[in-house]
Structure formats: structure tokens, C-alpha cells
Amino acid sequence: MNNHGARPLIPPYPDSRPRALSVSELNHQARHLLETSFMQVWVEGELSGFSRPSSGHWYFSLKDQKCQVRCAMFRGANQRLRTLPREGDQIRIRGKVTLYENRGDYQIIVEHLEPAGLGELQQAFEALKLKLQSEGLFDPARKKPVPATPRHIGVVTSPTGAAIHDILTVLARRCPAIPVTLYPTAVQGQAATADIVNAIQRAQQHGVADVLIIGRGGGSLEDLWCFNEEAVARAIASCSIPTVSAVGHEVDVTIADFVADLRAPTPSAAAEKVSPDQSHWLRRLNEQELRLSQAARRLTQRLHTQLGHLSARLRDPRRELQEKAQRMDELDVRLNKAIAQRLIQTRVKADHLTQRLATQSPRRTLITARDQVTRLHERLEMATRHYLKQQQERYQYNAQALHVVSPLATLGRGYAIVRDEQNQIVRDASQLGEGSAITARLGHGSVSAKVTEINSKGD
């Protein structure tokens, strides 16, 4: 009995109610269900409520006439876009359906965004393809033949990707004797275009490869986009080494495929195309070995028969040796006489040349030339010091003149450069409206402000 005199309530049987989920458990299970049911989706609609916080992530809604869905596009994905979407745009997105557990909000994590209709990247692809085709870069007549048995293979790809592993695996199986040189490069991202161009140029400067495989493994259109850049296409077209494009999977098509001398559907297929089959070589070698062995046996038999005939006709070799020995003695006597006479002539000629050399010694000429070099060196030092002094004075004069006209000097006297929300310089008050955000660059630092009043008359 407790302090109030009442007994505690004890149920007559154990609690049979089902276990209740916590809110966190419910949201976690709902998120798991959404992510496993919708691995990846494409959705089209009108962009609404676009937000860009300082973190660099984008948050917006995608809606149609009846419904809307929240979307988030993180900085790593939106940095690949070339244009900023605007409120009311009709767009297509690709992403994963999920649930933001903290608020229980159903949303889409966006991996790719493009205008509705023909995508921006596809438009750029078609435009560049038409341009390069009109210039003749796709013409089969300009393509170089790929050697059937290359002496050295170059590969332009990532050193950590699956492509280089597949290429080396195929080459090790088909013809491991061919040396391979990797010219490492990034194959995805903003820096990949310049990296690929540099790698192709390094391969040409190296000058050892007689065929060059350029590519990477599969991926999305954005992942493969560096192989659709004009700089990469022109680098491949101007490459002096026969090139093989091996980008993505068989269904992937890039500008590099059209420009390269040969297109392979995958990196593994590229290795197949440029390397001879070792087993085929071995079969041919075995066949040639068998033919050579048979020919050697036939030749041995024929020579053995000829030797038998010649042996029967051969006279006593002792008579031949005696004649040869007598002839050798005669030649030895003549040789000794000729050597002695030649030595006398050579000694007389050497004495004569020694006397001439003594009368024409170059020592005096060398002393005169050394004095002249010393004088020229002194004049060169004086001229160099005089030239450097002139250049220093000219540099100081130009630096002073540049400082006079520098916009930073103008800012230091109290002026400012005003820019609007689009980062454009404001030269007229009519360019702004009340409430517009502006940024003013001062002599030291900058300030941000909003326009509260506009006077267009210049007072």
C-alpha cells in the first residue's frame, strides 16, 4: 500500500499490445523503403522555391499542375552545371528518392539537372559534332592506319581506374611481350580536359609508342564529358601517333570516337584491336618449326650424298699441304723485306714532318687569340652592366607611370567601384531599383548594401 492508501493496478494478464515504433525508427524504415524501391528516377516539372545558401547546396521544389516534391542538389553535383536554373524553368532531373529523417520530409537527392527537352550537354555535343565534321576532322581519308603488330603501346587514362586494369589484363593474355607506357591523367571533372591534352602531348614528345589508346571506363554523360570537349578532339586529331578511342561502354559515343583513327567499344576491346594474338603466333611458330625441321633433314640428306661423291674424288691431302707450306715460306720472306723497307720510308717521312711542325708551331697564334678573347670579355662585361642599368631605369620609370593610372590609386583617394547583384559595374543610377543589393569596392576592402533611394539627376 502506498502513502495514499491505494493499491497499484496490476493487469490480470501480460500486456498483449503490439510494440510501438519510435519516430526515428519509423522514419529510418520509411527512408530505407524509398531508397530500395526507387534506385534512380528521372522527373520533369517546373522549378519552384529555388534557394542557394552559403553552403553551396541547392534546395528547390519540382511541381506540376497537381503536385510538388522537394529536391536537394548538393554542391559536388551542381558545380558541374554550366548555367544557373531560374524560378519557373521547366527542367528534367535525375536522382534518388529518399527521406530526410530529421523532419520526415520526402525528397529527391538530385545528381543531374538539365532543361526539359533536349539536354544542355546533348545540345553542346551535337553543335560540336557538326562543327568538327564540317572541318573534316571525321573524314576517313585523314585517319592513320593502326599497326597490326605494334612495338610499343601508349595508354592515356587514369592510373587508378578500371580501364587501365582491363587493358593490361587483355595485353598480358594476348601478347605480354609488347611494352606498355601509361600517361596518367584525370578522366572526369573540370581539370580532366587539360590533363588529357597534356598527356597526349607527352606521349608524342616521348616518341616511343606507335599506337595510343585514349579512354576510360563507363559512366554518365557528365562523367564522360571531358571526351566531348573541343580541346581533346583537336589534340587527338593533331596527334602524330595512331589513336584508338576507348571511352565508356559499347553504347557510349563521344566526340573522341569520331576524331580518333580507330574506335573501340570498350578499353578491353581496344587492347584486343591493337595487340596480336600470342596463341596465333605460337601456332604459326610451331608450323614454321616443323617445316624448318623437315627442310633441315632433306638438306642434311642431300649434303651427305654430295659428301660421299666428293670424298671419292678427293686426292691425297698431304701433297696439298706440302705445296701450301712451300708457298707460305716464299710469302714470309717477301713480307719481311717489304716491312723493313716500309719502316725505313716511314722513319724518314716522320723526321721530315717533325722538322716542318717545329717551324709552324701554333703557340704564338694561341697567345694572340687568348689576349683578344680577354679584351672582348672585358668589353662584354662593360656593355652588359650598361644595358642592365638602362633597363632598371626604364623599369622604375614605367612602374611610376603605371601607379599614376592604377585604379587602385583612384580608389585610395576615396572613390569606389559599385557592382549590382549580377556583378556588373553600375555606371548609371537608373540601372538600379530600390531594394537592389550592391557591392562597393573601396581602397581597402569592400562593403555590401541595399539601395533605399535613387536620384537619377546626378545631385
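Right above here is the structure, for reference.
Only a predicted model underlies this, so the values are computations on that prediction, with no experimental measurement involved.

Here is what the cut-offs are and how they apply
Residues numbered from 1 in each chain as written. Predicted model: local features only at pLDDT ≥ 70, side-chain atom pairs only at ≥ 80, totals over all residues. Heavy atoms only, no water. Core = buried A, V, L, I, M, F, W, Y, C linked by side-chain atoms within 4.5 Å. Buried < 20%, exposed > 50% of the residue type's maximum accessible area, 1.4 Å probe, protein only. Helix = DSSP H or I, 4+ residues; strand = E, 2+ residues; numbered from the N terminus. Contact = heavy atoms within 4.5 Å. Pairing = 2+ DSSP bridges. Axes fitted to C-alpha atoms, helices over the stretch in contact; angles between N-to-C directions. Polar contact = N/O pair within 3.5 Å; in protein donor to acceptor, adjacent residues only side chain to side chain.

Where do I start with the nonpolar core in this structure?
Most often, soluble globular proteins have nonpolar side chains that are buried together. Among the nonpolar cores identified, the biggest contains 33 residues, and Ile200 and Leu212 are the most heavily contacted of them. Among the elements of the structure, helix 3 (120-134), helix 5 (192-206), strand 8 (211-216), helix 6 (230-237) and helix 7 (255-259) are those that each provide at least two residues to this core. In terms of residue count, helix 5 provides more of this core than any other element does, six residues in total. Discounting residues that sit within four places of it in the chain, Ile200 has contacts with Val156, Leu212, Ile214, Ala235, Ile236 and Cys239. Leu47, Leu81, Val110 and Leu113 belong to the second-largest nonpolar core, a separate cluster that totals 18 residues.

Would you explain the sheet that holds strand 3 (residues 68-73) in this entry?
Hydrogen bonds between backbone groups are what pair the strands of a sheet, and the pairing can be parallel or antiparallel. The five strands lie next to each other as 1-2-3-5-4, forming a closed barrel whose pairing is mixed. Across this sheet, the average inter-strand angle for adjacent strands is 55 degrees, counted without regard to direction. As paired strands, strand 1 (residues 41-51) and strand 4 (residues 90-100) are joined by six bridges and run antiparallel to one another. Bridge assignment links Glu44 to a residue of strand 4, and that residue is Arg92. Those strands touched by helix 1 (residues 23-37) are strand 4 and strand 5 (105-115), and its axis lies near 140 degrees from that of strand 4.

Would you take a moment to explain the environment of Thr157 for this structure?
Residue position: Thr157 is located in strand 6 (residues 153-157). With relative accessibility at 3%, the residue Thr157 sits in the buried group. Expressed as a C-alpha distance, the spacing of Thr157 and Ala199, which sit 42 residues apart in the sequence, is 8.7 Å. Those residues in contact with Thr157, other than ones at most four positions away along the chain, are Ala163, Ile164, Leu182, Tyr183, Pro184, Thr185, Val187, Gly215 and Arg216. At 2.7 Å, the side chain of Thr157 and the backbone oxygen of Gly215 are in polar contact.

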